[in-house]
Amino acid sequence: MSEKIYDLIVIGAGPGGYVAAIRAAQLGFNVVVIEKRATLGGVCLNEGCIPSKALLESSEHYAKTQHEFADHGISVSDASIDISQMMARKQGIIDKLTGGIASLFKKNKIESIRGTAELIASEAGARKVKVTRGEEVLELTAKAILLATGSEAFQLPHLPFDGENIINARDALSLTEVPKRLLVVGGGVIGLEMGSVWSRLGAEVTVVEMLPQLIPSADGQVAQTLLRSLKKQGLEIMTKTRLDKFSKQDDGIHATLTTEKGEQEVVCDKILVATGRRAETTGLGLEAVGLQVNKQGQLEVDENYQTATPGIYAIGDLAPGPMLAHKASEEGVVFAERLAGQQSKVHYDVIPAVTYTWPEVASVGKTEEELKEAGTEYKSGKFFFAANGRALCTGMSDGFVKVLATPESGRILGIHIIGPQASELIAEAAVVLSFGGSVHDLAVTCHAHPTLAETIKEAALAVNKEAIHG
């Protein structure tokens, strides 16, 4: 039994937990991190954000050999796929990044313990955690405990994961061969990204989404443009559709879909369920310290990220808000700084969201649908990548940039991008919104030419019908 009292115990070493630990250590706190995985980095680095982007990049290179290189005068014959090498490259990236976090922990003198953590009842002023690692049980004490355990794939009752026929995103990132027919349940970020990977590599992919549009939180016009693009790439997309039942037969999995026109049967080899994620709180011992999750399965927190129980805090997917790695990291920094008495804050209105399909989708701020629902007056400006020189040179000219702003002052309310490098372009949009910028601010900022970023300037000019090239 340890008698050492830490300043902070962090449970979970994902993008929220490890960032919080490093910032707290920088501020002089004595920190220990408990992580159940063999490596640091959480879902994001080990089985989410990073491996999915690695496979998206690899699959995009292969798709270019099949469909785009000829336009550049480049002839590629007999291009083939080595899935094992693709997966090895992915794992190499994961190893490098998770190893990097371990080095940062060492540099910042952060103690790391591999094991399963459980909160236990304790007296006010000191909080306790039981850590189980194999047959060994430790009891740690700290002045504060941060819960940063992340989330797990949501499992539908009638589609239980078995790792073979019914798979989740983690399984889809580790397939050893290209499935001939893949049925994706869920037209959100994860479903579309994973569907894109395996479609590019040769799978016949069908995506079913219960709601009327893909990526339900996205701008409506952006979602429609993405739908058309994905269909053009060969994915079968079915909105307003749900999967009600399935059966395993000799020729594959027979899935019964309910559409607006009635029932339809689809035969596939694997079903990827990507219908969302839920906060991972199982086994944490919340009840022992008087905590209960809300209707969304998360913990309510105050401005310091403290839960209803003093001394226990929560960030990332455990706290209300979008389940995004960068949201968790921002909260990790702000949590540590507020614990040190600073008055930092996360600007939740300007957290960008990205979908790494082709074309990419990125947004920050309000959508037109949200502004209409709130009764907020606005003006809109749009500029298409098809009129951008750099986009045409790269051969990636699908999509547009949309800027939404107030009619009088021109203050920007939202920026939405579908097109090449949207994930990178959105950073400029987030900066402008963070400082309460206007379309005029963007319009008078000189953008290098030729660049994709010029589309943002032109879209801002288009709000007042002043676009030069539109």
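Here the structure is a predicted model, which means the values were calculated and not measured.

Caption draft 1: Examining the overall build of the chain more closely. Of regular secondary structure, the chain possesses 13 helices and 22 strands. At 24 Å, the chain has a C-alpha radius of gyration in line with the 23 Å of a compact globule built from 470 residues. With the C-alpha coordinates of the chain rotated into their principal frame, the extents come out at 70 × 65 × 45 Å. In the chain, of all internal contacts separated by at least 6 residues, the share reaching a separation of at least 24 is 62%. Put simply, the chain shows about 22,200 Å² of open surface, and 50% of that area lies on carbon and sulfur atoms.

Caption draft 2: Region of interest: helix H8 (residues 325-339). With 15 residues, H8 should reach 21 Å at 1.5 Å per residue; the first-to-last C-alpha distance of 21 Å fits that figure. Considered for burial, the residues of H8 that qualify are Lys327, Ala328, Ser329, Glu331, Gly332, Val334, Phe335, Ala336, Glu337 and Arg338. Buried residues along H8 sit against strand S1 (5-11), helix H1 (17-26), strand S6 (136-147) and strand S17 (312-314). Gly341 occupies a position one or two residues after H8 and carries a positive phi of about 95 degrees.

Caption draft 3: Summary view of unusual backbone geometry. Here the residue pair Trp358 and Pro359 is connected by a cis peptide bond, since its omega of -5 degrees sits within 30 degrees of zero. As for its position among the elements, Pro359 is in the loop between strand S18 (353-355) and strand S19 (360-365). Looking along the chain, the bond that leaves His449 and enters Pro450 is cis, with omega of 0 degrees. Unlike most non-glycine residues, Asp78 shows phi in positive territory, near 55 degrees. Within the secondary structure layout, Asp78 lies in the loop between helix H3 (49-67) and helix H4 (83-107). Owing to a relative accessible area of 76%, Asp78 belongs among the exposed residues under this scheme. Of note, the phi angle at Lys465 is positive, near 55 degrees, even though the residue is not glycine. As for its placement among the helices and strands, Lys465 is situated in the segment after helix H13 (454-462). The exposed category is assigned to Lys465, whose relative accessible area is 78%.

Caption draft 4: Local environment of the packing of aromatic side chains. Under the definition given, this model contains two aromatic pairs. The ring of Phe400 has Lys382 sitting right over it, with the charged end atom 4.7 Å from the ring centre.

Caption draft 5: Focus on the pattern of salt bridges. Evaluation of the coordinates by the stated rule reveals 20 salt bridges. Measuring nitrogen to oxygen at the nearest pair gives 3.9 Å for the salt bridge that ties Arg37 to Glu47. Of this pair, Arg37 sits in the loop between strand S2 (31-35) and helix H2 (42-47) while Glu47 sits in helix H2, and the two are ten residues apart along the sequence. Between Arg242 and Asp244 there is a salt bridge, with the nearest N and O atoms lying 2.9 Å from each other. Beyond isolated ion pairs, a larger network of salt bridges with shared partners links Glu35, Arg37, Glu47 and Arg170.

Caption draft 6: Up close: the sheet that holds strand S21 (residues 400-405). What the five strands build is an open sheet, ordered S18-S19-S22-S21-S20; its pairing is antiparallel. Strand pairing shows two members of the sheet lacking a second neighbour, S18 and strand S20 (379-384), which therefore form its edges. On average, each strand axis in the sheet is tilted by 10 degrees relative to the strand beside it, whichever way the strands run. The strands touched by H13 are S20, S21 and strand S22 (412-419); relative to S20, the strand with the most contacts, the crossing angle is about 140 degrees.

Caption draft 7: Expanded view of the environment of Ser344. The topology assignment puts Ser344 in the loop between H8 and S18. Ser344 gets classed as buried once you look at its relative accessible area, which sits at 16%. Spatially, the C-alpha atom of Ser344 lies 9.8 Å from that of Glu303, the residues being 41 residues apart in sequence. Non-local contacts of Ser344, meaning those with residues more than four positions away in its chain, are made with Val334, Glu337 and Arg338.

Caption draft 8: Geometry of the state of the cysteines. One pass over the structure, following the stated rule, counts zero disulfides. The structure places no disulfide on Cys393, whose sulfur is separated from the nearest cysteine sulfur, that of Cys446, by 19 Å. Classification of Cys393 by relative accessible area gives exposed; the value is 61%.

Caption draft 9: Layout of H3. Taking 1.5 Å per residue, 19 residues should reach 27 Å; H3 reaches 26 Å between its end C-alpha atoms and fits that length. Of the residues making up H3, those classed as buried are Pro51, Ser52, Ala54, Leu55, Leu56, Ser58, Ser59, Tyr62 and Ala63. Those residues of H3 that are buried are in contact with H2, H4 and helix H6 (189-200).

Caption draft 10: Looking closely at the environment of Glu331. Relative to the helices and strands, Glu331 is located in helix H8. Note: C-alpha distance between Glu331 and Gly16 (315 residues apart in sequence) is 6.8 Å. Once you skip the residues sitting within four places of it in the chain, Glu331 turns out to touch Tyr305, Ile315, Gly316, Ala319, Pro320, Val346 and Tyr348.

Caption draft 11: Spotlight on the sheet that holds strand S10 (residues 204-209). The strand order across the open sheet formed by five strands is S8-S15-S9-S10-S11, and the pairing between neighbours is parallel. Looking at which strands have only one partner, the edges of the open sheet turn out to be strand S8 (166-167) and strand S11 (236-239). Sheet strands in contact with H6 are strand S9 (181-185), S10 and strand S15 (270-273), and its direction is about 165 degrees off that of S10.

Parameters and conventions
- Sequence order as written defines the numbering, with residues in each chain counted from 1.
- Where local features are concerned, this predicted model is filtered to residues with pLDDT of at least 70; where side-chain atom pairs are given and counted, the filter is 80 or more; whole-chain, interface and lining totals use all residues.
- No hydrogens and no water enter the side-chain calculation; it runs on all heavy atoms of the structure.
- Put simply, DSSP H or I for four residues or longer makes a helix, DSSP E for two residues or longer makes a strand, and each gets a number counted from the N terminus.
- Radius of gyration: C-alpha atoms only; globule rule: 2.2 Å multiplied by the number of residues to the exponent 0.38.
- Here a residue-residue contact requires only that any non-hydrogen atoms of the pair lie within 4.5 Å.
- Computed with the Shrake-Rupley method and a 1.4 Å probe, the accessible areas treat only the protein chains shown as cover for residues.
- Here a helix's expected span is defined as the number of its residues, less one, multiplied by 1.5 Å.
- Only protein chains enter the accessibility calculation, which uses a 1.4 Å probe; a residue whose area is less than 20% of its type maximum is buried, one above 50% is exposed, and one in between is partly exposed.
- When the centres of two rings from Phe, Tyr and Trp lie within 6.5 Å, Trp using its six-membered ring, the rings pair. Their planes under 30 degrees apart give stacked, over 60 give edge-to-face, and anything left gives tilted.
- Two conditions define a charge located above a ring, namely a distance within 6 Å from the ring centre to NZ of Lys or CZ of Arg, and an angle within 35 degrees of the ring normal.
- What makes a salt bridge here is a side-chain nitrogen of Lys or Arg within 4 Å of a carboxyl oxygen of Asp or Glu, nothing more.
- Pairing between strands is defined by DSSP: at least two bridges between them are needed.
- Angles run from 0 to 180 degrees between N-to-C directions of axes, and those axes are lines fitted to C-alpha atoms, restricted for helices to the stretch in contact.
- By convention in this document, the label disulfide applies to cysteine sulfur atom pairs within 2.5 Å.

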